[in-house]
Amino acid sequence: MAGHAGEKWNKYFAAGLFMTGAAVLLGIVGFFWTPYSTTAMSAAERFAAPSLRHLFGTDNFGRDIFSRVMKGMGTTIVISALVVLFSSGIGVLLGALTGYFGGLLDEAVMRVTDAVNGFPSILLALVMISLLGSGRQNLILSLGIVFVPSYVRIVRSEYLRLRDADYIGRARLMGVGKARVLFVHILPNVLPVLWVSLMIGFNNAILAESGMSYLGIGVLPPEASLGNMLSDAQGYLQSAPWYALAPGLSIVWLVLGFSLFSEGIRRRFE
Amino acid sequence: MKKKLFSLLMAALLTMAVLGGCADGTGESSGDNSSAESTEDMASGQTPGADPSTQAGESPAYGGSAVVGIQQDIDSLDPHLATAAGTKEILFNIFEGLVKSDENGNLIGAVASDYTVSEDGLVYTFTLRDNVKFHNGNAVTAEDVKYSLERVSGLLDGTPLISALSTIQAVDIIDERTVQVTVESADAELIYSFVAAIIPAGSGEEEGAVPVGTGPFSFVSYSPQESIVVKKNPDYWQEGLPYLDEVTFKIVNSAETALMELQGGTIDIYPYLTDSQAQTLRSGNTHQVIASPSNVVQALFLNNTAEPLDDPLVRQAILYAIDKEEINTFVGGGTGSLIGSAMLPTLADYYVDLNDVYGTTANVEKAKELLAQAGYENGFDLSIDIPSNYEFHMQTGEVIVEQLKAVGINATVNPVEWNTWLEDIYNGRKYTATISGITCDQTPGYLLNRFQTESSKNFINYSNEAFDETYLKAHGAMDLKEKAEYYKQLQQLLTDDAATAFLQVPGNMTAISNRLEGYKFYPIYVQDMSTVYVK
């Protein structure tokens with residue numbers, strides 16, 4: 001259903017694709033290979049400044065920061081992707097049902113999403129983590145649940161708009177099944193909006209994951225994640241600024257890349 | 001045999017290079033990665049005016065205020081109920097016992113000006129000081145002393161609040177200024193337990209809300225999770241002290257915040273700097289940063305009854321796998337002293353160097369061999385619970401995880417909140433391994449008594465009859481040389497049984513704002529603010 005209108009290749013799209021592509025590639029490679037071990041410590045190489053040997057320098061345990069950024073980037077992207085997948089999956093389903101059928105279910109779901117939206121998302125995720133315990137799966141689960149309402153709202157409003165469209169009415173008259181109407185007839189028309197919110201959601205997930213790991217309740221040390229690296233680096237801001245810069249700039253790079261990418265997509269659909 | 005307070009102490013001191021005395025029974029320790037003390041030799045020369053009255057040049061000024069950063073919230077304002085070391089370090093300023101510790105680890109008279117011990121060690125006679133007043137303005141009477149001692153010893157209601165003092169059989173008022181205490185069995189270290197706070201007769205539970213003591217500072221307010229404020233006690237019996245009008249103990253939960261607060265000037269004194277923070281601050285020239293050995297024994301505590309650590313071979317394997325030198329370098333910047341058992345090297349007469357038993361560096365071959373012998377050729381999973389507010393322990397955990405990986409043990413760090421740690425791990429003993437620290441409050445025996453099978457503080461569930469017997473012998477020994485010998489045997493037993501992986505006595509980095517002078521380093525875990533003054 002690629003763009004009919006809009007610019008297929010715009011500079012936002014290109015820049016976004018390049019930035020996210022590079023990050024994702026680095027992350028994927030990081031799962032299989034890193035220049036140095038991400039956990040091996042070396043007393044001799046504590047706080048080495050960035051050099052050809054260690055591109056981003058080394059940290060307080062003498063670990064190569066570039067390797068850890070690669071691994072951390074991968075971890076962050078995978079967690080964010082799963083969070084988006086989880087929350088958008090449920091969000092689309094609930095949004096479609098409530099938007100199309102309305103009624104009591106709609107009322108109930110909307111009030112629940114209102115309630116969830118009423119709390120700052122990080123706070124809510126913190127509460128869930130404290131209930132579930134920290135760790136990777138729980139992080140994905142709790143962030144996933146926190147992000148559901150945003151998708152429900154967007155998808156619901158689109159379904160609300162489209163359910164009375166002529167072509168839907170005709171499809172119904174022809175006796176097309178409800179599930180088919182919902183997901184084959186309407187869903188493709190929701191996609192342009194959904195794409196953009198997915199990208200934004202991805203960004204939010206990256207920031208949330210980093211935030212949680214930074215607070216020490218997401219990915220646990222010694223495993224690398226951009227957030228917990230940033231947290232560790234905090235104590236060495238003045239003595240080893242490169243330690244904080246590497247994960248910090250990586251987060252900026254990722255988020256900026258996805259923002260540009262989503263802007264590019266939006267323009268393509270316009 | 002009447003002996004003056006000081007002469008008795010001098011005798012004791014002859015045998016101890018540094019006396020960290022402690023006979024406090026309930027006192028708990030907690031995972032303090034670093035505390036604020038030093039031995040006399042370390043601090044001297046660097047200490048900003050160990051004794052302000054002898055400071056050359058400037059004479060201390062009165063007035064002003066100071067803010068001290070502390071690491072954790074307090075557990076009780078009632079001095080007899082407080083068990084966390086982090087609480088006692090503050091209450092030291094509000095309360096005093098019949099005797100109190102000074103910065104050299106000696107006992108000096110506080111509420112009592114003098115005391116004598118009968119030859120058989122069973123009767124203590126305290127002479128009360130004349131001019132001691134409570135913060136509420138009332139003079140301290142023999143009644144108050146009797147009440148306080150009966151309260152802590154359990155004579156009042158059957159529950160001893162400080163277990164070391166449960167040996168007290170009777171407290172008798174001889175006259176207005178003399179109190180006689182009879183104890184069940186002789187113990188040369190018992191006198192250190194008389195640092196237990198003297199509170200007004202009948203005040204009991206009220207102490208928890210509005211603590212009233214005789215210390216240099218009186219209680220003003222307490223905001224949970226935030227701060228404790230104390231103000232100058234104008235009636236303090238030590239002439240000329242304290243200097244400051246007000247001191248705030250501010251709870252700073254993270255080490256990072258502490259650094260920023262120090263730099264921003266919102267806290268003046270912080271005794272728990274990390275190595276890198278110390279470096280940062282030193283370059284700033286706004287603070288004095290002083291290194292001193294702490295009184296904390298840091299260890300990877302192994303639950304002796306939790307599988308697979310109930311197998312001594314597995315525990316030995318872990319001990320062989322750990323590289324203490326590396327931990328010291330990475331986490332303490334090389335300022336710690338490595339140990340092989342539960343004793344501070346600064347307590348030289350009691351300390352026996354057991355570092356060689358398992359080595360200070362990793363012996364991977366040996367560890368693997370022992371694991372294979374125990375039937376864990378392929379290693380096992382080990383979750384290490386660590387109080388997350390202690391950056392020092394958390395980082396130690398990261399290093400240990402990596403070291404254990406080398407021998408095939410798949411360890412993970414599990415950060416737990418401090419209160420959860422106290423409840424589930426320290427008191428509940430529901431854990432396999434944890435990294436924390438135990439502090440030596442007063443006497444050397446304090447570090448060892450917790451490993452008796454029945455001790456309520458034996459959270460590693462260590463059990464060895466020989467240890468229990470030897471401890472009782474040590475406890476009963478009136479001769480300090482003999483006592484030291486027993487203590488050395490106890491350390492040896494702990495090491496031979498691989499009871500727990502003792503790591504190091506971390507060095508301590510204290511930052512003191514340049515605007516303050518007179519901070520004293522203690523060999524015990526206290527923050528004495530009475531001698532601090534504004535330049």
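Before any of the text, the structure's been laid out above.
A brief look at the structure comes next. (Residues numbered from 1 in each chain as written. Chains lettered and ligands numbered in written order. Predicted model: local features only at pLDDT ≥ 70, side-chain atom pairs only at ≥ 80, totals over all residues.)

1. Some details on unusual backbone geometry
The phi angle of most residues is negative, glycine excepted, and most peptide bonds adopt the trans form. What counts, and what does not: By the criteria applied, helices consist of DSSP H or I runs no shorter than four residues and strands consist of E runs no shorter than two, each listed in order from the N terminus. Exposure classes come from backbone-placed C-beta atoms, where a residue is buried if 20 or more other C-beta atoms lie within 10 Å of its own, exposed if 12 or fewer do, and partly exposed in between.
Looking along the chain, the bond that leaves B:L241 and enters B:P242 is cis, with omega of -10°. Looking at the secondary structure, you find B:P242 in the loop between β9 (227-232) and β10 (246-251). Of note, the amide linkage connecting B:E307 to B:P308 takes the cis form, showing an omega dihedral of -5°. Mapped onto the fold, B:P308 is located in the loop between β13 (296-302) and α7 (312-321). Phi at A:F47 is positive, roughly 50°, even though this residue is not glycine. Tracing the backbone through its elements, the reader meets A:F47 in the loop between α1 (11-32) and α2 (65-101). The partly exposed category is assigned to A:F47, around which 16 C-beta atoms lie within 10 Å.

2. As for the environment of B:N93
So the rule is basically this: Once C-beta atoms are placed from the backbone, any two residues with those atoms within 7 Å are in contact.
Within the secondary structure, B:N93 sits in the loop between α3 (85-91) and β2 (99-101). If near-sequence neighbours (up to four positions away) are discounted, B:N93 is found in contact with B:G215, B:P216, B:F217, B:V230, B:D528, B:M529 and B:S530.

3. Things to note about the packing of α1(A) against helix α9 (residues 241-269) of chain A
All names here are of chain A. Spelled out, the test is: For helices, the fitted line uses only the C-alpha atoms of the stretch in contact; every axis is such a line through C-alpha atoms, and the angle between N-to-C directions lies from 0 to 180 degrees. Relative orientations are named as follows: roughly parallel for angles under 35 degrees, roughly antiparallel for angles over 145 degrees, roughly perpendicular for angles from 65 to 115 degrees, and oblique for any other angle. Crossing handedness is read from the near helix: turned anticlockwise from the far helix by less than a right angle, it gives a left-handed crossing, and turned clockwise, a right-handed one. Under the scheme applied here, ten amino acids are nonpolar (Ala, Val, Leu, Ile, Met, Phe, Trp, Tyr, Cys and Pro), four are charged (Asp, Glu, Lys and Arg), and all others, including Gly, are polar.
Their axes nearest at 7 Å, the elements α1 and α9 cross at an angle of 140°. Our classification of the angle between α1 and α9 gives oblique. For α1 against α9, the interelement crossing comes out left-handed. Residues Y12, F13, A15, G16, L17, M19, T20 and A23 of α1 lie in contact with α9, whose contacting residues are W253, L254, L256, G257, F258, L260, F261, E263, G264, I265, R267 and R268. Taken together, the residues of the contact of α1 with α9 break down into 13 nonpolar, 4 polar and 3 charged.

4. Quick notes on the packing of α2(A) against helix α3 (residues 103-118) of chain A
All names here are of chain A. Interaxial distance between α2 and α3 falls to 8 Å at its minimum, and their mutual angle equals 135°. Classified by the angle between their axes, α2 and α3 sit oblique to one another. In this structure, α2 meets α3 at a crossing whose hand is left-handed. In this structure, α2 uses L94, L97, T98 and F101 to contact α3, whose residues at the interface are G103, L105, D106, V109 and M110. Among the residues forming the contact of α2 with α3, the class breakdown is 6 nonpolar, 2 polar and 1 charged.

5. Some words on the interface of chain B and chain A
In this complex, chain B contributes 17 residues to the contact, which on the side of chain A involves 15 residues. Counting only elements with at least two residues in the side of chain B that touches chain A, the list comes to α5 (255-264), α6 (275-284), α8 (324-332), α11 (391-405) and β16 (410-416) of chain B. Of the residues contributing to the side of chain B that touches chain A, the split by class is 6 nonpolar, 7 polar and 4 charged.

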